[in-house]
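Listed here are the chains, written in short residue letters.
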Amino acid sequence: MTVLAVEGLSKSFDGVRAAQNVGFTVNAGELVALIGPNGAGKSTTFNMVGGQLKPDSGRILLDGNDIAGLSPRLILRRGVGRTFQIAQSFLSMTVIENVQLAIAARERETMRMGAPLRGLHADEAQTLLDKVGVADQAETLVAHLAYADIKRVEFALALAARPRMLLMDEPTAGMAPAERKSLMTLVATTAKTNGAAVLFTEHDVASVFAHADRVLVMARGEIIARGAPDEVRADPLVREVYLGRSAGTPGGQR
Amino acid sequence: MDASFLVAQLLTGLASASSLFITASGLTLVFGVTRIVNFAHGSLFMLGAYLAVTIVPRLLDLHYSLPMFALGALAAALIVGLIGVAIELILLRRIYRAPEIFQLLATFGVVLVVQDLVIRIWGPLDILGPRAPGVPRSVEILGQRISGYDLVLIAVGPTILGLLWLLMRRTRFGVLVRAATQDREMVGALGVDQAKLFTATLFVGSFLAGLGGALQIPFKPAQPAMDIAIISETFVVTVVGGMGSIPGAFLAAIAIGLLQAFGALIIPESTLVMAFLLMAVVLVVRPWGFLGKPDAHLGARTAIEGVKSLTPLDATGKAVVAIALVAGATLPLWSDAYGLKVAIETLCFALAAFALNLLIGVGGMVSFGHAAWFGVGAYAAGLLTVKLGLHMAPALIAAPLIAGAVAAFIGYFIVRLSGIYLAMLTLAAAQLIYALCFQWVAVTGGDNGVVGVWPAEWAAARAVYYGLTFLLCVAAIWLLRRAIHAPFGYALRGARDSHLRAEAVGIDVKGQRLAAFALAGAATGLAGGLYAFSKGSIDPTLLSIPMSIDFLAMVLIGGVQTLFGPVIGAGLLHAAKDFIMPLTDLWRTWLGLTIVALVLAFPQGVLGGLAQWRARFARSRKP
Ligand SMILES: Nc1ncnc2c1ncn2[C@@H]1O[C@H](COP(=O)(O)OP(=O)(O)O)[C@@H](O)[C@H]1O
Ligand SMILES: [Mg+2]
């Protein structure tokens, strides 16, 4: 079942065409990787789907309804959760408070001025922390976490929305290889068990080909190739613009 | 109204636009390069005027001619430029990376010091300057008499614009200034000696402020309050024009000059209100002003400054609160009437400061016009009792409701902005309300305010009124604290920590901030209402800039990172005022220096410092 269908999506910044006529679909339970060198337009595409940027043109169909140009908040309410390339969490709060707040926001409780947040949704939040593997740091301020753990909190914050569509912009950037693998495995199992659709970008080619069901290759704002990991790997065009440059982490961005 | 009359108005408007532009161009230049909104710019303007009324007559004694007049004005501006350099060297270069609230407060500290200095040197009376020799008192144009000096000013403004254009296009300094204005990081990357650039910029900017002040002496006397008046107008021009844009400032000055000249024809008492209204409209339609550009580094630059984490009160905290509550509740038993009076005022300020920190510390919104809500509450309570004959109780219910409603209305515009633009708009909004109360004499009593705002009979005794104030303020603070610990406060803080993440988890950031504004406005309105009944009168100082600064200073003294810091700050500042003010006529200097010292040395405030010290102590005791 198609969860997300993007058609003819374009966006320019002062004449720079960051995304051009981008189109793809993501099905329930499927992991689709969007790869490409730095500046290819991956984050721009994510930000249009997530509502952080308004597209110049194109349609973004979530379960068949166009969400292009809606605010991030409304898009979240339709079941899209996301992580950001540069982690965005509530730095002044503890890990569990971050998740509790995200759950409270999902439940539209942010105008409540009475009972403290402290006891609210604590069980659900704890379950999420267990899942992403930061339960033992529940009471630590996010500002004091290691970057890899902040990335895990990002994932928990994305999951708090109970999304049917997960957008993960470089979820493992800045992580050690072993951590990377465990986080990506976690993303994959979550998608399969919840039947969520996942769109992710990743610089680490190995983890892309290990986890993705399908791969989209972007360069200079356009999707230049798509298909099963093996097909894409064999595509000469892809090898030229992307994989060919170095076998390891092309255009690695840190 | 015939055409020639309109031409005359046009020329008057252009003259005041010219004069305004000269001063505003300096402020916008300094902001563009240093990203500091220099409150002391108004003080530099004032110094320019005072120096000019001192120097110019002496030079005219030597030789009575227009060149001598010009020379005197330039000399005054030059000295002011050097004073600007001194301010940069001593203060500004230490706070370039500090959060906006500290920059604004520190430069306001300079304002306070200069105010005292000016009165020390030149006395409190207005000093009128000489007329410019050789400039006719009036010229007849189309049968209308136009001041000759106005025509001079109309020529000087564009001349300065042209000279600045040359400076920006033809000199290395100009190239660097433009680079820095567009991208501050880039200058660092160019390897330029930033310090020198900033010092030079302060010189030019201050020179322009001084020149603006010096050139107005033939028609406006030098007087001690001119700094605040000009700084509000200059802020408006800078913001409307686009902060950092000199041509923008020129356009904005013309727009405001004309608006005021013609606005005065329609509603004579509306000049101040019009300027601020224009600013509010422009900020909503074009948040970056006429020619300004959004600044990616703005706002992203500073670390979180505010409440960092919330924990329930520990045993020590509970004990301290309990002792404070008992002491407060039993105060009438052991304090004299004067002590009760001070305590009532302190409680009102504490509530207002606590509410301000809901916006600043929790919401990350540096509100620079908090006195507005205090004043609206006070005026609502006062006017309802005196003019409509309402009793105290309904008036005290109406005060927070009205202040909250006004705060919500104005907040609707404010929450769209962030950082320094937000601070400027809160300031403008407060000045707008101030102008309304000041100029709408029929209703508000203007400058004199309204007297006879007395409590109901049952609360007339000091002790009873104290009890009422204590009860209401403590309850309001308790409710606000609850809201901060509730999802509401967390969501507000979340929006401050990360706007992106807040929206992405479903928090309506604008709505959250708007609610915070209304809530803080209502609480502060209650404080204002209580204050009005305790004083028995209301007047515009309750919503003036110095009052807003007092609230900010309370938050700063107590510490923005703690919830109860501002309460402590209110107590300390008010007590200090009460004890020190009668002993010295340099009260403002002390307050100003204290603010500067706090910003430089102790930015976490009293309670923040205490918490830090306790944490360190606890850590050192751990094995
Ligand atoms: N907010 C923005 N303003 C201007 N240009 C932008 C902005 N965001 C991205 N770009 C430009 O769009 C292009 C695509 O960027 P991005 O989507 O971040 O690429 P990726 O995520 O694939 O590395 C780049 O050339 C980038 O410089
Ligand atoms: Mg990216």
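If you're wondering where the values come from, they're calculated on a predicted model, not measured in any experiment.

Participant: Go over unusual backbone geometry with me, naming the residues and quoting the values.
Facilitator: Positive phi, close to 50°, is recorded for D63 of chain A, a residue that is not glycine. In this structure, D63 of chain A sits in the loop between strand 4 (57–62) and strand 5 (65–66). On the basis of relative accessible area, D63 of chain A is assigned to the partly exposed category, the value being 36%. Although it is not a glycine, L142 of chain B adopts a positive phi angle of roughly 55°. Locating L142 of chain B in the fold gives a position in the loop between strand 1 (138–141) and strand 2 (144–147).

Participant: Got a sec to walk through the sheet that holds strand 6 (residues 80–83) of chain A? Specific residues and values, please.
Facilitator: Where strands meet in a sheet, backbone hydrogen bonds hold them as pairs that are either parallel or antiparallel. All names here are of chain A. Strand order in the open sheet made by the 6 strands is 6-7-8-3-9-10, with mixed pairing throughout. Every interior strand has two partners, whereas the edge strands, strand 6 and strand 10 (222–227), have only one. On average, adjacent strands in this sheet sit at an angle of 15° to one another, irrespective of strand direction. Direction of pairing for strand 9 (residues 214–219) relative to strand 10: antiparallel, over a ladder of 5 bridges. Of the residues in strand 10, the one forming a bridge with M218 is I223.

Participant: Talk me through the packing of helix 1 (residues 3–34) of chain B against helix 6 (residues 172–182) of chain B; I want residue IDs and the actual numbers.
Facilitator: Residues and elements named next belong to chain B. Direction vectors running N to C along helix 1 and helix 6 enclose 65°, while the axes themselves pass 7 Å from each other. With respect to helix 6, the element helix 1 is oriented roughly perpendicular. Facing L29, G32 and V33 of helix 1, the residues of helix 6 in contact are V177, A180 and T181. A breakdown of the residues in the contact of helix 1 with helix 6 according to their chemical character gives 4 nonpolar, 2 polar and no charged.

Participant: Residue-level account of the site of ligand 1, with values.
Facilitator: All names here are of chain A. The local shell around ligand 1 consists of F13, A18, P37, N38, G39, A40, G41, K42, S43 and T44. Take G39: an N or O atom from its main chain is 2.7 Å from an oxygen atom of ligand 1. Burial of ligand 1 by the surrounding chains reaches 59%, relative to a free accessible area of 560 Å². Considering each element in turn, the shell around ligand 1 owes the most residues, 3 residues, to helix 1 (residues 42–50). Looking at the shell around ligand 1 residue by residue, the classes come out as 4 nonpolar, 5 polar and 1 charged.

Participant: Describe the packing of aromatic side chains, and please don't skip the residues or the numbers.
Facilitator: Under the defined criterion, the tally for this structure stands at 21 aromatic pairs over all chains. Both rings, one in Y412 of chain B and one in F413 of chain B, keep their centres 5.4 Å apart while their planes meet at 85°; by these two values the pair is edge-to-face. Each member of the aromatic cluster is reached from another via a ring pair, and the members are F39, F108, F235 and F368 of chain B. Against the face of F209 of chain A rests R233 of chain A, its NZ or CZ located 4.3 Å from the ring centre. A cation over an aromatic ring shows up here: R493 of chain B above the ring of Y490 of chain B, its NZ or CZ 4.9 Å from the ring centre.

Participant: So what's going on with the domain arrangement of chain B? Which residues, and what values?
Facilitator: Residue and element names in this part refer to chain B. Domain assignment breaks chain B into domain 1 (3–234) and domain 2 (321–620). On a C-alpha basis, the centres of domain 1 and domain 2 stand 34 Å from each other. If you look at the interface, domain 1 gives 22 residues, while domain 2 gives 27 residues. Counting the surface lost from both domain 1 and domain 2, the interface buries some 2,300 Å², and carbon and sulfur atoms represent 82% of this. Taking the shortest distance from any N to any O, the salt bridge between R588 and D116 comes out at 3.1 Å. At the surface where domain 1 touches domain 2, the tally comes to 3 residue pairs in polar contact (both at pLDDT 80 or more). Of all the secondary-structure elements, those providing two or more residues to the side of domain 1 that touches domain 2 are helix 4 (100–122) and helix 9 (226–241). A per-element tally of the side of domain 1 that touches domain 2 places helix 4 first, with 14 residues. Residues belonging to the side of domain 1 that touches domain 2 are distributed by class as follows: 15 nonpolar, 3 polar and 4 charged.

Participant: Go over the side chain of H485 of chain B, please, and point to the residues and values.
Facilitator: In this fold, H485 of chain B is placed in helix 19 (residues 462–485). Discounting chain neighbours no more than four positions away, the residues touching H485 of chain B are P116 and L117 of chain A together with L310, T311, Y490 and L563 of chain B.

Participant: How would you explain the pairing of strand 1 (residues 2–13) of chain A if you had to name every residue and give the values?
Facilitator: Residues and elements named next belong to chain A. Judged from the 8 bridges that link them, strand 1 and strand 2 (residues 16–27) form a sheet pairing that is antiparallel. Bridge assignment links K11 to a residue of strand 2, and that residue is A19. Remark: 2 residues form the turn of the hairpin made by strand 1 and strand 2, two consecutive strands paired antiparallel; D14 in that turn has positive phi of roughly 45°. In terms of strand pairing, strand 1 meets strand 4 through 5 bridges, oriented antiparallel. Of the residues in strand 4, the one forming a bridge with L4 is L62.

About the cut-offs
Residues numbered from 1 in each chain as written. Chains lettered and ligands numbered in written order. Predicted model: local features only at pLDDT ≥ 70, side-chain atom pairs only at ≥ 80, totals over all residues. Heavy atoms only, no water. Helix = DSSP H or I, 4+ residues; strand = E, 2+ residues; numbered from the N terminus. Buried < 20%, exposed > 50% of the residue type's maximum accessible area, 1.4 Å probe, protein only. Pairing = 2+ DSSP bridges. Axes fitted to C-alpha atoms, helices over the stretch in contact; angles between N-to-C directions. Parallel < 35°, antiparallel > 145°, perpendicular 65-115°, else oblique. Contact = heavy atoms within 4.5 Å. Nonpolar A, V, L, I, M, F, W, Y, C, P; charged D, E, K, R; others polar. Near = heavy atom within 4 Å. Polar contact = N/O pair within 3.5 Å; in protein donor to acceptor, adjacent residues only side chain to side chain. Areas by Shrake-Rupley, 256 points an atom, 1.4 Å probe, with all protein chains shown as cover. Phe/Tyr/Trp six-rings, centres within 6.5 Å; stacked < 30°, edge-to-face > 60°. Lys NZ or Arg CZ within 6 Å of the ring centre and 35° of its normal. Domains from an automatic or database assignment. Buried area = accessible area lost by both parts, 1.4 Å probe. Salt bridge = Lys/Arg side-chain N within 4 Å of Asp/Glu carboxyl O.

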